[in-house]
Amino acid sequence: MNSELSNKTNLQVDGQTKVAEAIHSNYKLLPILNRLGIELGFKDATFKEICIDYNLNLDFVLIIINTYNNDDYYPGQMKDIPVEHLINYIHEAHKYYLEIKLPEIGQLIEELCELHGNSSIKKSVFNSFFIDYTNELNEHIKKEEALVPYILYLNTVSESGNITDELTTKIRSSSFLRFEAEHSDISVKLLDLKNILIKYFPPTPDSYLKNKILNELFLFEEDIADHARIENNILIPRVKRLEKYILNKIAT
Amino acid sequence: MTIFLAEPSNIIRIGIKQIIINHSEIRSVYEYTDCNLLADDAYLKKPSCIIANPAFLQSSGKTLKELFPATDTKFIALVYSYIDNAILEQYDAVIYINDSNIDITTKLKQTLKSKKEKTEKPSINLTKREIDVLKSVVLGLTNNEIADKLSISSHTVVSHRKNINAKLGIKSVSGLTVYAIINKLVRTEEIEEAEARS
């Protein structure tokens, strides 16, 4: 269903959609395919076919792709996608940010500061600012990942039916029922960095480098925002449903 | 366009001269191994740029401003050994011994093109009060401490900070720090001292 009103072509994909078509419609899906483990070179395969090839859950893949494609997409009548797939996907995304993307951007920023030759700008831009940002993101992600054992445990229990009192107490007291993934804190510094590069950083011999860095920052910001939507719109409701299910089971 | 080259090592000085002549449009490069002669000639010939080894040019311990007062000449440091940051900051650009030909000619070109920084005002109009508040924020003072320091209420401090954020488009303290350093409102040493104290 194409939305003719917005600027983006919000292609809603289903099992019959060709993966190549989805990419042409939104190239930002490329790292998403990576995280799902899908490699390019799949010719005219549809999503259904590629999920069979890669042994992936089709509903899960469609939900992820559609959430990235469309700000307004909400899985709604969401089939119960496997929690482990979701957790694994999110973990891969975190790895991508911390181990690939941020170091790449950091490298470019360091290059930029070298060119400038003025060491106080280099120190303040690179050291204090970007490293601070990396640490903040790291901490944020650590906190999220710390919840994984709990989520997986909920999943195991909901399947085995082995519900302990300890668990129900824990659910009632500190659960996801009150958790909202807060991402605005880490986006503030990113916006600051963009403004500094666009408005205030002195002219340097290689202005192409600044453009390159800004491109990366814009893309990174969008990726993180879409990722936050996956956590807010998919993961958290999923976990809350698990908790409700367990509490209901106790009641009966 | 005239360039002066001040460097005692023959190998390095002649090497740089060759690179400039072979890879840029500059044809007038004067070589100096005597600082006094360079200073006199600089006054007479008014070169566009002086490329100098700081250890050589400033061996007397004077700053560039003290050695060459009231001049439009640009200065590029030529560095191949340890030079203190406080000295490097006096220069408009820095050339390192392992820079490529392109690095060197680009830095030269860029330096010659750029307007003298002193005459450039920050193009965002922060009021004097806002600048005072900004400096204090960047040096790590709390809102209450800033209110005391500037003899205003902490509500006013908060209001100034909101205006600063809105005018600059920068919200985080580390972002403001970068802005302050780029616009020379504070020096890195002041920030380091403030951090050490906290």
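Scroll up a little and you will see the structure.
Residues numbered from 1 in each chain as written. Chains lettered and ligands numbered in written order. Predicted model: local features only at pLDDT ≥ 70, side-chain atom pairs only at ≥ 80, totals over all residues. Heavy atoms only, no water.

*Asks:* I keep staring at the overall build of chain A and nothing clicks. Help me out?
*Replies:* Along the backbone of chain A there are 10 helices and zero strands. Here chain A holds 252 residues, and the buried ones make up 50% of them. Of the contacts made within chain A by residues no fewer than 6 positions apart, 74% connect residues no fewer than 24 positions apart. (Helix = DSSP H or I, 4+ residues; strand = E, 2+ residues; numbered from the N terminus. Buried < 20%, exposed > 50% of the residue type's maximum accessible area, 1.4 Å probe, protein only. Contact = heavy atoms within 4.5 Å.)

*Asks:* How should I be thinking about the overall build of chain B in this particular structure?
*Replies:* Looking only at helices and strands, chain B has 11 helices and five strands in total. Counting over 198 residues, chain B shows a buried share of 42%. Residue pairs in contact within chain B that sit at least 24 positions apart in sequence constitute 61% of those at least 6 positions apart. About 11200 Å² of surface is accessible on chain B, with carbon and sulfur atoms providing 51% of the total. (Areas by Shrake-Rupley, 256 points an atom, 1.4 Å probe, with all protein chains shown as cover.)

*Asks:* Please clarify how helix α2 (residues 35–45) of chain B should be interpreted in this entry.
*Replies:* Given 3.6 residues to a turn, an α-helix orients residues that are three or four positions apart in the same direction. Residues and elements named next belong to chain B. Among the residues of α2, those classed as buried are Leu38, Asp41 and Ala42. Burial along α2 is one-sided: seen end-on, the buried residues are contained in an arc of 110°. Every exposed residue of α2 that faces more than 90 degrees away from the buried side is listed here: Asn36, Tyr43 and Leu44. Buried positions along α2 lie against β1 (2–6), β2 (28–32), β3 (49–52) and α3 (54–57). Among the residues of α2, the N-terminal cap falls to Asp34, whose side-chain oxygen and the backbone nitrogen of Asn36 are separated by 2.9 Å. Positive backbone phi, at 45°, marks Lys46, one or two positions downstream of α2. (Arc of directions from axis to C-beta. Polar contact = N/O pair within 3.5 Å; in protein donor to acceptor, adjacent residues only side chain to side chain.)

*Asks:* Looking at this structure, I do not really get the packing of aromatic side chains. What am I missing?
*Replies:* The relation between two aromatic rings is expressed through the spacing of the ring centres and the mutual angle of the planes. All chains considered together, the criterion is met by eight aromatic pairs over all chains. Geometrically, the ring pair formed by Tyr200 of chain A and Tyr179 of chain B is edge-to-face, given 4.7 Å between the ring centres and 85° between the ring planes. With Tyr200 of chain A in helix α9 (residues 184–200) and Tyr179 of chain B in helix α10 (residues 173–182), this residue pair bridges two chains. With relative accessibility at 2%, the residue Tyr179 of chain B sits in the buried group. When the ring of Phe4 of chain B is compared with that of Tyr32 of chain B, the centres are 4.7 Å apart and the planes differ by 45°; the resulting orientation is tilted. Of this pair, Phe4 of chain B sits in strand β1 while Tyr32 of chain B sits in strand β2, placing them 28 residues apart in sequence. Just as Phe4 of chain B is buried, Tyr32 of chain B falls in that class too. What links up through ring pairs into an aromatic cluster is the set Tyr96, Tyr97 and Phe220 of chain A. When the ring centre of Tyr43 of chain B is taken as reference, the NZ or CZ atom of Lys46 of chain B above it lies at 5.1 Å. (Phe/Tyr/Trp six-rings, centres within 6.5 Å; stacked < 30°, edge-to-face > 60°. Lys NZ or Arg CZ within 6 Å of the ring centre and 35° of its normal.)

*Asks:* What's the story with unusual backbone geometry in this structure? I'm lost.
*Replies:* What you tend to see is this: most non-glycine residues have negative phi, and most peptide bonds are trans. For Asn55 of chain A, which is not a glycine, the phi torsion comes out positive at approximately 60°. The residue Asn55 of chain A is located in the loop between α3 (47–54) and α4 (58–69) in this model. In this structure, Lys46 of chain B is a non-glycine residue whose phi angle is positive, near 45°.

*Asks:* Help me understand the sheet that holds β1 of chain B in this model?
*Replies:* Residue and element names in this part refer to chain B. With respect to topology, five strands assemble into an open sheet ordered β2-β1-β3-β4-β5, the strand pairing being parallel. In the strand order of this sheet, the two ends are held by β2 and β5 (93–96), each with one partner. Here the average twist between neighbouring strands, direction ignored, is 20°. Against the sheet, helix α1 (residues 10–23) makes contact with β1, β2, β3, β4 (74–79) and β5, and its axis sits at roughly 175° relative to β2, the strand it touches most. (Pairing = 2+ DSSP bridges. Axes fitted to C-alpha atoms, helices over the stretch in contact; angles between N-to-C directions.)

*Asks:* What's the story with the nonpolar core in this structure? I'm lost.
*Replies:* As a rule of thumb, nonpolar side chains are buried together in soluble globular proteins. Among the nonpolar cores identified, the biggest contains 95 residues, and Ile65, Ile109, Leu137 and Phe220 of chain A are the most heavily contacted of them. Per-element tally for this core: the top contributor is helix α5 (residues 83–116) of chain A, with 15 residues. Setting aside residues no more than four positions away along its own chain, Ile109 of chain A makes contact with Val125, Phe126, Phe130, Leu193 and Ile213 of chain A. Counting 18 residues, the second-largest nonpolar core is a separate cluster that includes Phe4, Ala6, Leu88 and Tyr91 of chain B. (Core = buried A, V, L, I, M, F, W, Y, C linked by side-chain atoms within 4.5 Å.)

*Asks:* Looking at this model, I keep getting lost on a nonpolar patch on the surface. Mind explaining?
*Replies:* Residues and elements named next belong to chain A. Nonpolar side chains collect at one region of the surface, where Tyr27, Leu30, Leu40 and Leu219 lie side by side and expose about 390 Å² of accessible area between them. Locating Leu40 in the fold gives a position in the loop between α2 (30–36) and α3. Take Leu40: its relative accessible area is 60%, and that puts it in the exposed class. (Patch = residues over 30% accessible without salt bridge, like charges linked within 9 Å, V, L, I, M, F, W, Y side chains within 5 Å. Salt bridge = Lys/Arg side-chain N within 4 Å of Asp/Glu carboxyl O.)

*Asks:* Is there a simple way to think about the interface of chain A and chain B in this case?
*Replies:* Contact with chain A, which involves 23 residues of that partner, is made by 22 residues of chain B. For the chain A face of the interface with chain B, the top three residues by lost area are Asp192, Tyr200 and Pro205 of chain A, together amounting to 28%. Our count for the contact surface shared by chain A and chain B stands at zero salt bridges. Here chain A is connected to chain B by five residue pairs in polar contact (both at pLDDT 80 or more). Counting residues per element, the ones that place at least two in the side of chain A that touches chain B are α6 (119–146) and α9 of chain A. Looking at the side of chain A that touches chain B element by element, the count peaks at eight residues for α6 of chain A. Considering only residue class, the side of chain A that touches chain B consists of 11 nonpolar, seven polar and five charged. (Buried area = accessible area lost by both parts, 1.4 Å probe. Nonpolar A, V, L, I, M, F, W, Y, C, P; charged D, E, K, R; others polar.)

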